[in-house]
Amino acid sequence: MKPLILICSQDAELYLFLSHILGVDGFTSEPAGGVKEALAAADERELQAVVLDCGPASATASTICARLKREPRTGDLPVIALIAHGAENQQLDLLKAGIDQSFVRPIAPATLLDCLRTKLALPKPNGSWLCCGGLEMKLDAYRVRGNGQDIHLGPLEFNLLRHLLEAPGKVFSRDELIDAAWPDNIHIGARTVDVHISRIRKALKAASPDSVIRTVRSAGYSLEKPDG
């Protein structure tokens, strides 16, 4: 069973980003918007860790942490805070609440993943690469390269490209790509997939022009296999 991480945030974009980097690294995640929702999830689900979004507009993170640490069932649960710019003054309250680890954002995905694996005593990933011609993707480091040059992608584009890279030459429907890249509870239209594929194509054109994502009319998209 994949380790379940509770992400406490009212920022949908941040949750989407965190859920995807966790998913890529073998975790699963669940959102919680506030104190009541977070405590209910901790009581009902078998969580392995909690990640708190600490923004300047909300001071609920220390409350959630303190409540979790006070309960026998969740007292040993690792709680990690991601502190946004402008919310650094919350660090003292978090320490008093018993926070296990805090980071000031922006934070490299690999740093958060390494922290979770250390806190949960999980083995490090094997560092495997997905490759197709000059295009390479290192899953554990959340890194993409084209002909040795780094390609910077957002979390949705990363997951879409990963799905295509796992089976070069195979045509994936838009519905299959939606299932691969977006959480189940978010409704996504076909046109949204087209927009993100366009962004991937633009990134590949600059660093890896030989890596071509082909549109198959009425069917979907495919990453072309290299010649030979």
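Residues numbered from 1 in each chain as written. Predicted model: local features only at pLDDT ≥ 70, side-chain atom pairs only at ≥ 80, totals over all residues. Heavy atoms only, no water.

Participant: Teacher, can you tell me more about the overall build of the protein chain here?
Facilitator: A tally of helices and strands in the protein chain yields 8 helices and 11 strands. In terms of overall size, the protein chain behaves like a compact globule, its C-alpha atoms giving a radius of gyration of 19 Å where 228 residues would be expected to give roughly 17 Å. Counting only C-alpha atoms and orienting by the principal axes, one finds that the protein chain spans roughly 60 × 35 × 35 Å. Taken over 228 residues, the protein chain has a buried fraction of 46%. The contacts of the protein chain with a sequence gap of at least 6 include a subset with a gap of at least 24, amounting to 60%. In the form shown here, the protein chain has an accessible surface area of approximately 11800 Å², with 49% of it arising from carbon and sulfur atoms. Both charge centroids of the protein chain, one from 26 positive and one from 28 negative side chains, sit 3 Å from each other. (Helix = DSSP H or I, 4+ residues; strand = E, 2+ residues; numbered from the N terminus. Rg over C-alpha atoms; globule rule 2.2 N^0.38 Å. Buried < 20%, exposed > 50% of the residue type's maximum accessible area, 1.4 Å probe, protein only. Contact = heavy atoms within 4.5 Å. Areas by Shrake-Rupley, 256 points an atom, 1.4 Å probe, with all protein chains shown as cover. Lys, Arg positive; Asp, Glu negative; His and termini not counted. Charge placed at Lys NZ, Arg CZ, Asp CG, Glu CD.)

Participant: What is the right way to look at the side chain of S29 in this model?
Facilitator: Relative to the assigned elements, S29 resides in strand β2 (residues 28-32). Overall, S29 belongs to the buried group, its relative accessible area being 19%. Setting aside residues no more than four positions away along its own chain, S29 makes contact with L4, I5, I7, Y15, S19 and L22.

Participant: What is the right way to look at the UniProt feature "domain: Response regulatory" (unreviewed entry) in the protein chain in this model?
Facilitator: Per the UniProt record, "domain: Response regulatory" (unreviewed entry) is annotated on residues 4-120. Spanning residues 4-120, this segment combines 44% helix with 21% strand, and its end C-alpha atoms are found 11 Å apart. (UniProt positions renumbered as here; feature names shortened; annotations may be inferred.)

Participant: I'm lost on the sheet that holds β2 in this one. Help?
Facilitator: In a beta sheet, neighbouring strands pair by backbone hydrogen bonds and run either parallel or antiparallel. Here we have 5 strands laid out as an open sheet, ordered β2-β1-β3-β4-β5, and parallel in their pairing. Single-partner strands in this sheet number two, and they are β2 and β5 (101-104). With strand direction ignored, the average angle separating the axes of adjacent strands in the sheet is 20 degrees. Pairing geometry for strand β1 (residues 4-8) and β2, over 5 bridges, is parallel. Directly across from I7, in β2, lies its bridge partner P31. In this fold helix α2 (residues 35-44) packs onto β1 and β2, with an angle of close to 140 degrees to the strand it touches most, β2. (Pairing = 2+ DSSP bridges. Axes fitted to C-alpha atoms, helices over the stretch in contact; angles between N-to-C directions.)

Participant: Would you explain the pairing of β5 in this entry?
Facilitator: Side-chain positions along a regular strand alternate between the two faces of the sheet. Sheet topology note: the strand β4 (residues 79-83)/β5 ladder contains 4 bridges and is parallel. Across the sheet, the residue bridging to A81 is S102, located in β5. Once the chain exits β4 it traverses helix α4 (residues 91-97) before rejoining the sheet at β5, and the crossover so formed is right-handed. (Right-handed = clockwise from strand over helix to strand, strands pointing away.)

Participant: Teacher, can you tell me more about a negative patch on the surface here?
Facilitator: Residues D175, E176, D179 and D184 make up a contiguous surface patch of negative charge. Mapped onto the fold, D179 is located in helix α7 (residues 174-181). Assessed through its relative accessible area of 59%, D179 is described here as exposed. (Patch = residues over 30% accessible without salt bridge, like charges linked within 9 Å, V, L, I, M, F, W, Y side chains within 5 Å. Salt bridge = Lys/Arg side-chain N within 4 Å of Asp/Glu carboxyl O.)

Participant: What is the right way to look at the packing of helix α1 (residues 12-24) against helix α5 (residues 109-119) in this model?
Facilitator: When two helices pack together, their arrangement is captured by the angle between the axes and the distance separating the axes. With their axes 11 Å apart at the nearest point, α1 and α5 run at an angle of 60 degrees to one another. Classified by the angle between their axes, α1 and α5 sit oblique to one another. Viewed along their axes, α1 and α5 form a crossing whose handedness is right-handed. On α5, the residues touching F17, L18, I21 and L22 of α1 are P109, L112, L113 and L116. The residue inventory of the contact of α1 with α5, partitioned by class, reads 8 nonpolar, no polar and no charged. (Parallel < 35°, antiparallel > 145°, perpendicular 65-115°, else oblique. Left-handed = near helix turned anticlockwise from the far one by under 90°. Nonpolar A, V, L, I, M, F, W, Y, C, P; charged D, E, K, R; others polar.)

Participant: Got a minute to help me understand the packing of aromatic side chains in this structure?
Facilitator: Think of a pair of aromatic rings as described by two things: how far the centres are apart, and how the planes are tilted against each other in angle. What the rule picks out here adds up to 2 aromatic pairs. Residues F17 and Y142 carry aromatic rings whose centres are separated by 6.4 Å and whose planes lie at 85 degrees to one another, so their mutual orientation is edge-to-face. With a gap of 125 residues between them, F17 in helix α1 and Y142 in the loop between β7 (135-138) and β8 (143-146) connect regions that are remote in the sequence. Residue class for F17 comes out partly exposed when judged on its relative accessible area of 24%. For Y142, a relative accessible area of 14% puts it in the buried group. Ring centres of Y142 and F158 lie 4.1 Å apart, and the angle between their planes is 25 degrees; on these two criteria the pair is classed as stacked. (Phe/Tyr/Trp six-rings, centres within 6.5 Å; stacked < 30°, edge-to-face > 60°.)

Participant: Help me out: how do you make sense of the pattern of salt bridges in this one?
Facilitator: Under the criterion given, the structure shown has 11 salt bridges. In this structure, the salt-bridge partner of E46 is R73, at a minimum N-O distance of 3.0 Å. Here R73 lies in the loop between α3 (60-70) and β4 and E46 lies in the loop between α2 and β3 (49-54), a separation of 27 residues in the sequence. We note a salt bridge from R174 to D194, for which the minimum N-O separation is 2.8 Å. Pair noted here: R174 is in helix α7 and D194 is in helix α8 (residues 190-207), with a separation of 20 residues, a long-range link.

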